[in-house]
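Breakdown of the fold
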Amino acid sequence: LFALPCPFCLQYCFCSLVTMRTPPMLMFVGTLLIATYNSLVNSLSIAVFGGSGFLGRRVCKELVSSGHEVTSVSREGRPPSYYTGSNDAENCWADKVNWLSYNVNPDNDQVLELPTIDAGISCIGNVNPDPDWDKLSFFGLSFDDEKLYYENGILNECAALLAKKNGAKRFVFMSVSYEIAKMVEGPLDGYTGGKRHAEHVICDFFGSENSIVLGPSLIYGGRRFPVLGRFYSKFARSGAVKFYANSMDALRNLSSSPIEDWVEKSLLSPPVEVNVVARVACASALGMVTKDMVGARRQGFCNDEGKPVFYDDVVYIDGTAELERVDGLVHLDLPKEDQLKHDRYNIPVSTLHTEGSEPLWEGGLIGKTPYLYPLPIISIFAALFYIISTGQFVNH
C-alpha cells in the first residue's frame, strides 16, 4: 500500500511477487492494485457541450466506455431512454455521465456547477433554414444569417469560455469540411462566419496546438439515414464517380484560369459515419491527435468584398478521408458500431408514455421542413420544360 504513490515501486513489487512464486491470491491483489492505479492516473475529466444531441450522445458513451469522467452540458439535460437504453438496464452507460441542464448563451445568469475538467468538446451547431416563407428568396427558402452566426459562433464561444474557466487545457470543436465551407461561404455567410469566429476564439483561449477542429461533411449513422448513408458512401467512393471527378478536374485544368466546382466536389464527397467522428473527437480531447498527424490547414477563402479571409492554423482534421485515417491511427479501444446499438426493446411502458415516442431518424428531419418550399415551383418549371421540349405547344 505504501507503494501506491509510485508506479515504479508498485510494479517492482508485483514483479518480485511473481519471481518469488507467491500464491495466486496475492498475485491477483497486486494486479488489481496496478490496474486501479493506472485507471486513476489515466482517467480524465471531460465536458461535452451539446452532449444530449445526435453526435454528443455518442461522444459521451465513447468517453465513458474508456473510463473517463464525463459531464454533458445541454439544454435538455439527460436524453430520453430510447436514446440511451432502458433505465432499468444493468450498468447503463448514461448513468455514468453527469447530465447538466444548462442553456449555453451569453445572457444566461445561471451558475453552471461544472467540475474541474481537463478538456472540452463542443457539439453545438445548427444549419436549419428560416421556418418562415420568404417570397424574395430562392423559391421561399431562406436562412437567417444572424441566427446562424449566433448559434454556430457565439454559443461555441461561450462553451469554450466555460471550459477555460473550469481548467480545460484542450478543446475540440465540430466545424465543417473544406469543400462544404467553400460551397456555402457565399449563400450561408452566417454559418461559415460563425464557425470561423468560434475557431478563432478557441485558438485564442487554448493555443493552436491544443485547439482541435473536426471538419466532417455529411454525417450519418445510428438510426439516422443508415441505409441511405451507406449507399451514398459506396457510391461516392466508386470507380465511376472517381473517374468522373478526375476527368472534370483535368478538363478544368486545361483553362488558363481554372475554377473549382465546389458544389460538385461537395456532392461527390462521401459522408462520414457518426461513430468515426465520435471516436476522433474523443481521441482529440485525450491529446492523441497532433498537428504533425494532419499537417497545415488549407486556406483560400474570401469575404463579400473579394478580400482573402484566413482561418487560424489549428489542428484541423478535414473531410471523411482524413477522419477515417486519423481514426485508424489512434487505435482507441472504444466500442465499435455494433456495440453502440441501443436496447430499443427493453424500455418500460411508463417510460415510453412520459417521454413520448422516438422521433423519426433520431430527429434528423426536425427543423428541415423549409427545404421543401422550393419543390412546388421547381415542379412547375419542370413541367413547363417538359411541355416545351416535347413540342406540346406546336400547332400541326
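Here goes a summary of the coordinates provided. The shown structure was predicted, so the numbers you read here are calculated from the model rather than taken from an experiment. (Residues numbered from 1 in each chain as written. Predicted model: local features only at pLDDT ≥ 70, side-chain atom pairs only at ≥ 80, totals over all residues. Heavy atoms only, no water.)

**Section: the overall build of the chain**
Operational definition: Counting from the N terminus, the helices are the DSSP runs of H or I reaching at least four residues and the strands are the DSSP runs of E reaching at least two. The rule is simple: take the accessible area with a 1.4 Å probe, protein chains only, and divide by the maximum for that residue type; under 20% is buried, over 50% is exposed, in between is partly exposed. It only takes one pair of heavy atoms within 4.5 Å for two residues to be counted as in contact. In short, Shrake-Rupley with a 1.4 Å probe defines the accessible areas, and a residue's cover is counted only from the protein chains shown.
Of the regular secondary structure elements, the chain holds 15 helices and 11 strands. With 396 residues in all, the chain has 43% of them scored as buried. Nonlocal contacts in the chain, meaning residues at least 24 apart in sequence, comprise 77% of its contacts between residues at least 6 apart. Carbon and sulfur atoms make up 61% of the accessible area of the chain, which amounts to about 21800 Å² in all.

**Observations concerning the pairing of strand β1 (residues 45-49)**
As a reminder, the rule being used: Any two strands with at least two DSSP bridges between them are considered paired. A right-handed crossover is one whose linking path, passing over the helix from the first strand to the second, runs clockwise when the strands point away from the viewer.
β1 sits mainly inside the fold: 5 of its 5 residues count as buried. Residues Ser 45, Ala 47 and Phe 49 of β1 are buried on one face, and the alternating residues Ile 46 and Val 48, pointing to the opposite face, are buried as well. Where β1 meets strand β2 (residues 69-74), 5 bridges bridge the pair, whose relative direction is parallel. Note on β2: the bridge partner recorded for Ile 46 is Val 70. As for the winding sense of the linkage, the β-α-β connection from β1 through helix α3 (residues 54-65) to β2 is right-handed. By the bridge criterion, 4 bridges tie β1 to strand β4 (residues 119-122) in an arrangement that is parallel. Opposite Ile 46, over in β4, you have Ala 119 as the bridge partner.

**Observations concerning the environment of Val 127**
Positionally, Val 127 belongs in the loop between β4 and α5 (145-165). For Val 127, a relative accessible area of 31% translates into the label partly exposed. Spatially, the C-alpha atoms of Val 127 and Lys 147 are 9.5 Å apart, while their sequence positions differ by 20 residues. Ignoring sequence-local partners within four residues, the contact set of Val 127 consists of Phe 143, Leu 148, Leu 188, Tyr 191 and Tyr 371.

**Structural notes on the packing of α3 against helix α11 (residues 274-285)**
Put simply, the rule is: Axis geometry follows a simple rule: fit a line to the C-alpha atoms, using only the stretch in contact for helices, then measure angles between N-to-C directions, giving values from 0 to 180 degrees. Here roughly perpendicular refers to angles of 65 to 115 degrees, roughly parallel to angles under 35, roughly antiparallel to angles over 145, and oblique to all remaining angles. A crossing counts as left-handed when the near helix is turned anticlockwise from the far one by less than a right angle, and as right-handed when that turn is clockwise. Throughout, the ten residues Ala, Val, Leu, Ile, Met, Phe, Trp, Tyr, Cys and Pro are labelled nonpolar, Asp, Glu, Lys and Arg are labelled charged, and all others, Gly among them, are labelled polar.
Where α3 meets α11, the closest approach of the two axes is 9 Å, and the angle between their N-to-C directions is 55°. With respect to α11, the element α3 is oriented oblique. When the axes of α3 and α11 are compared, the crossing they make is right-handed. Residues Phe 54, Leu 55, Arg 58, Val 59, Glu 62 and Leu 63 of α3 form the contact with α11, whose own contacting residues are Val 274, Asn 275, Val 277, Ala 278, Arg 279, Ala 281 and Cys 282. Among the residues making up the contact of α3 with α11, the classes are represented as 9 nonpolar, 1 polar and 3 charged.

The analysis is restricted to geometry; functional conclusions fall outside its scope.
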